[in-house]
Amino acid sequence: MKHLLAWAIIGATMTCITVTAQAASDVPDFAAVKTVCGKCHTTAVFEGKPRNWDRWNDVFADMTQRGASGTNEDLGRVTRYFLENLTLVNINTSAAEEIAGILGVSDEVAEAITERRRKQPFAGLAELRALPGVDSAKLEQRRSRISF
Amino acid sequence: MSFHTPTLAAALALTITVFAPFTPAQQTTKDGVRMENAVNRPDRPYRPAGSSDPRDAGPHVARGFGKVQRRLVYVALPGGSAGGQFSSEQNGVGIVVLDADRNFEFVKRIPTWNVPASMSPEEVSGIAASPTTNMIYLATRGRLAAFDLASDKKVWEQTYDGTCCERPEVTPDGKTLVVGSDLKDFWYIINAQDGALKGKIQAPKSNFAHNMALSADGNTVFMAPNGVTMTVGDVPSMKATKTITFSDHVRPFVINHDATRVYANLNNLLGFEIADVKTGQVIKRVEAPAEMWKPQWADVKQRFFGHGCPSHGIALTPDESELWVVDNINYGVLVYDNTGEWPTLKMTFPTTASADWITMGLNGQYAFLSSADVVDVKTKKIVGQMKDEYGKPMHSEKLLEMSFANGKLVRTVSQFGEGIPSAVQTRLSARQK
């Protein structure tokens, strides 16, 4: 019986770990943001202040001039964090690369989106949601940053 | 088997739930890929078959992080006075670096040499830089030194035979420095990498070496003395090839993109003379309207004008569409249209102090004047002031605008406002269309 109880506790612990890790899948990205950006200022200066991707790239360039640096992996994580959490996108005009990053879809899906809009611009989220490969949950979570 | 308490029953149920995904029947993704073959970590979640994960190709880094260019202005100090209005020592010693992309704000001061407070520092007589060597070269009346632009450390320093040095320029391949002697009758040919002396170009008709210009291909040097006769020299052979004699003492001068013309300030002239290099003859004299300067210049009670002449400072825009000439009488700049057969005065604009030197910046966007003014070349508006870390304007005539990428010099200009072949070609091509 003691063994059974121990297994139950281990099992419950593993469940918690798995759930926590999945819920916070961008934690490593945010850690990289703190590593790269947090050397000089807090993340509060940009959190909750979305911009379009060109503007963020201007900021990245500006910060790089001021000394921001990191490993390629860190910069990649920072890139992903900003794309997924702080970037505004217009589905009918933004580049496929931006769409892929912001919607969290593959390059192929992003290309399919740009291909579709060439024929007929998207009118709203419902049309986007209907495309294969688009994650409805992510779309809902990021809808305030998506325009058409 | 029976359970004695509800707690144990719940624990077992939980265990079964937790381990359920690890049962053989469920070890595939929803599209049938076996779990051991599918990457599925929190930082790299599984993606459906047929879709790529950008992370497989390595991190995608925003293009903004790749922009590590810096556009800086290096101002050597003390670098010559502004018409006696200001002490050339007022900004101390060193190279002050300004950020051209940030309204010319102060970046840092690079130490050059330690000078005791009881001594006056030697004037910097010239400045040059090379992307090939990634060095900036400073000449003073006493020495020539090279500083590494990646570390700001001095790489070498030479005094040669004790008669060094005047204006320097570096050949485009970065191998050779051509440097005037300190008011003697020869120019040094120097290995730009280590400062070793390669030889000299003797210019017996151009004693008192002072201003110079190097052709865009680095083969022809124009050596002007504090005198009327300029010597033209061949850099590879280190031989003087011809002389050009002007009507008065030559002051600052510039050459055009293919080194076929010389535009020279002269003593007692607000304007310039143009010489044809092929024939070695002065072919045109251009004077500013007499009322602008002759009465003042003739008045012996007048103040001292910059460098003792009505005009000390001349530059071509890189595309040679305009010729800028300093007006030391009226504290301004005369702008000549240079697109016709001869330059014609088209406008003037005032400066904040006597501007005794003009250096054209990268792409011809800005002109840097020793009045400390930064001028937008297109609009002729003063858009900035070159100031040191204490906010004092720097009246240096020795400065360069330089473009860096990842700490490496990629482009710079000449201290002298010479025409640039590619810019001229672009302008002429546009005109033909």
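Residues numbered from 1 in each chain as written. Chains lettered and ligands numbered in written order. Predicted model: local features only at pLDDT ≥ 70, side-chain atom pairs only at ≥ 80, totals over all residues. Heavy atoms only, no water.

**Student:** Help me understand the overall build of chain B in this model?
**Tutor:** Of the regular secondary structure elements, chain B holds 3 helices and 29 strands. Looking at chain B residue by residue over its 433 residues, the buried ones come to 52%. Intrachain contacts of chain B at a sequence separation of at least 6 include 47% that bridge at least 24 residues. Total accessible area on chain B is roughly 18600 Å²; 53% of this is exposed by carbon and sulfur atoms. (Helix = DSSP H or I, 4+ residues; strand = E, 2+ residues; numbered from the N terminus. Buried < 20%, exposed > 50% of the residue type's maximum accessible area, 1.4 Å probe, protein only. Contact = heavy atoms within 4.5 Å. Areas by Shrake-Rupley, 256 points an atom, 1.4 Å probe, with all protein chains shown as cover.)

**Student:** Explain the environment of Tyr 74 of chain B to me, please; I cannot follow it from the model alone.
**Tutor:** Residues and elements named next belong to chain B. Within the secondary structure layout, Tyr 74 lies in strand 1 (residues 69-77). By relative accessible area, Tyr 74 is classed as buried at 4%. Separated by 62 residues in the primary sequence, Tyr 74 and Ile 136 have C-alpha atoms spaced 9.2 Å apart. Setting aside residues up to four positions removed in sequence, Tyr 74 forms contacts with Ile 95, Val 96, Val 97, Ile 110, Ile 127, Ile 136, Leu 149, Lys 398, Leu 399, Leu 400, Met 402 and Phe 404.

**Student:** Where do I start with the pattern of salt bridges in this structure?
**Tutor:** Oppositely charged side chains can pair when the atoms bearing their charge come close. In this structure the tally under the stated criterion is 27 salt bridges over all chains. The partner of Glu 140 of chain A in a salt bridge is Arg 129 of chain A, and the shortest N-O contact between them spans 3.3 Å. Taken together, the residues Glu 140 of chain A in helix 8 (residues 136-141) and Arg 129 of chain A in helix 7 (residues 125-129) connect sequence positions 11 residues apart. In this structure, Lys 108 of chain B engages Asp 152 of chain B in a salt bridge whose closest nitrogen and oxygen atoms are separated by 2.7 Å. Taken together, the positions of Lys 108 of chain B in strand 3 (residues 105-110) and Asp 152 of chain B in the loop between strand 6 (143-148) and strand 7 (154-158) put the pair 44 residues apart, joining distant regions of the chain. (Salt bridge = Lys/Arg side-chain N within 4 Å of Asp/Glu carboxyl O.)

**Student:** Looking at this structure, I do not really get the sheet that holds strand 18 (residues 271-276) of chain B. What am I missing?
**Tutor:** Strand pairing in a sheet takes place through backbone hydrogen bonds and is either antiparallel or parallel in direction. Residues and elements named next belong to chain B. An order of 16-17-18-19 is seen for the 4 strands of this open sheet, with the pairing classed as antiparallel. In this open sheet, the two edge strands, each paired with only one partner strand, are strand 16 (250-255) and strand 19 (281-287). Strand-to-strand twist across the sheet, computed as the mean angle between neighbouring axes with direction ignored, equals 25°. With 4 bridges joining them, strand 16 and strand 17 (residues 261-266) adopt antiparallel strand pairing. Note on strand 17: the bridge partner recorded for Val 254 is Tyr 263. (Pairing = 2+ DSSP bridges. Axes fitted to C-alpha atoms, helices over the stretch in contact; angles between N-to-C directions.)

**Student:** Which parts of the structure should I look at to understand the sheet that holds strand 9 (residues 176-181) of chain B?
**Tutor:** Residue and element names in this part refer to chain B. Spatially, 8-9-10-11 is the arrangement adopted by the 4 strands of the open sheet, whose pairing is antiparallel. The sheet is open, and its two edges are formed by strand 8 (164-170) and strand 11 (197-202), each paired on a single side. Averaged over neighbouring strand pairs, the angle between their axes works out to 30° when direction is ignored. Alignment of strand 8 against strand 9, held across 4 bridges, turns out to be antiparallel. Considered in strand 9, the bridge of Pro 168 is made with Val 179.

**Student:** What exactly am I supposed to notice about the nonpolar core here?
**Tutor:** Where a protein is soluble and globular, its nonpolar side chains tend to be buried together. Trp 56, Phe 82, Ile 91, Leu 103, Ile 113 and Leu 128 of chain A are the most contacted members of the largest nonpolar core, which totals 36 residues. Those elements giving two or more residues to this core turn out to be helix 2 (27-37), helix 3 (53-65), helix 4 (72-86), helix 5 (96-103), helix 6 (107-119) and helix 7 of chain A. For this core, the element with the most residues is helix 4 of chain A, which contributes 6 residues. Counting the residues that make up this core, at least three belong to each of domain 1 (2-87) and domain 2 (91-147) of chain A. With 34 residues, the next largest nonpolar core counts Val 250, Leu 266, Trp 293 and Ile 329 of chain B among its residues. (Core = buried A, V, L, I, M, F, W, Y, C linked by side-chain atoms within 4.5 Å. Domains from an automatic or database assignment.)

**Student:** Sorry, what's going on with unusual backbone geometry here?
**Tutor:** Working note: non-glycine residues mostly have negative phi, and peptide bonds are mostly trans. All names here are of chain B. For the bond from Leu 77 to Pro 78, the omega torsion is -10°, close enough to zero to count as cis. Positionally, Pro 78 belongs in the loop between strand 1 and strand 2 (94-99). Between Cys 164 and the following residue, Cys 165, the backbone shows a cis peptide bond with an omega angle of 0°. Here Cys 165 shows up in strand 8.

**Student:** Got a minute to help me understand the confidence of the model for chain B in this structure?
**Tutor:** Close inspection of predicted coordinates is inappropriate for parts of the model with low pLDDT. Residue and element names in this part refer to chain B. Chain-level statistics for chain B give a pLDDT mean of 87 and a share of 84% at 70 or above. The low-confidence segment residues 12-24 (pLDDT under 50) makes 15 contacts with residues lying over four places distant or belonging to another chain. Predicted confidence is poor over residues 41-45, with pLDDT under 50, and the contacts of this stretch with residues over four places away or in other chains come to 15 contacts. Scoring of the predicted complex yields 0.69 for pTM and 0.73 for ipTM. (pLDDT = per-residue confidence, 0-100.)

**Student:** Help me understand the confidence of the model for chain A in this model?
**Tutor:** In this model, chain A carries a mean pLDDT of 82, and residues with pLDDT of at least 70 account for 82%. A low-confidence stretch, residues 11-25 of chain A (pLDDT under 50), is modelled with 8 contacts involving residues beyond four sequence positions or located in other chains.

**Student:** Please explain the packing of helix 2 of chain A against helix 4 of chain A as it appears in this structure.
**Tutor:** When two helices pack together, their arrangement is given by the angle between the helix axes and the distance between those axes. All names here are of chain A. Two elements in contact, helix 2 and helix 4, have axes whose closest approach is 8 Å; the angle formed by their N-to-C orientations is 110°. When the axes of helix 2 and helix 4 are compared, the pair comes out roughly perpendicular. By crossing handedness, the relation of helix 2 to helix 4 is classed as left-handed. For the pair helix 2 and helix 4, contact is made by Pro 28, Asp 29, Phe 30, Ala 32, Val 33, Thr 35 and Val 36 and by Asp 74, Leu 75, Arg 77, Val 78, Arg 80, Tyr 81 and Phe 82, respectively. Classifying every residue of the contact of helix 2 with helix 4 by side-chain character gives 9 nonpolar, 1 polar and 4 charged. (Parallel < 35°, antiparallel > 145°, perpendicular 65-115°, else oblique. Left-handed = near helix turned anticlockwise from the far one by under 90°. Nonpolar A, V, L, I, M, F, W, Y, C, P; charged D, E, K, R; others polar.)

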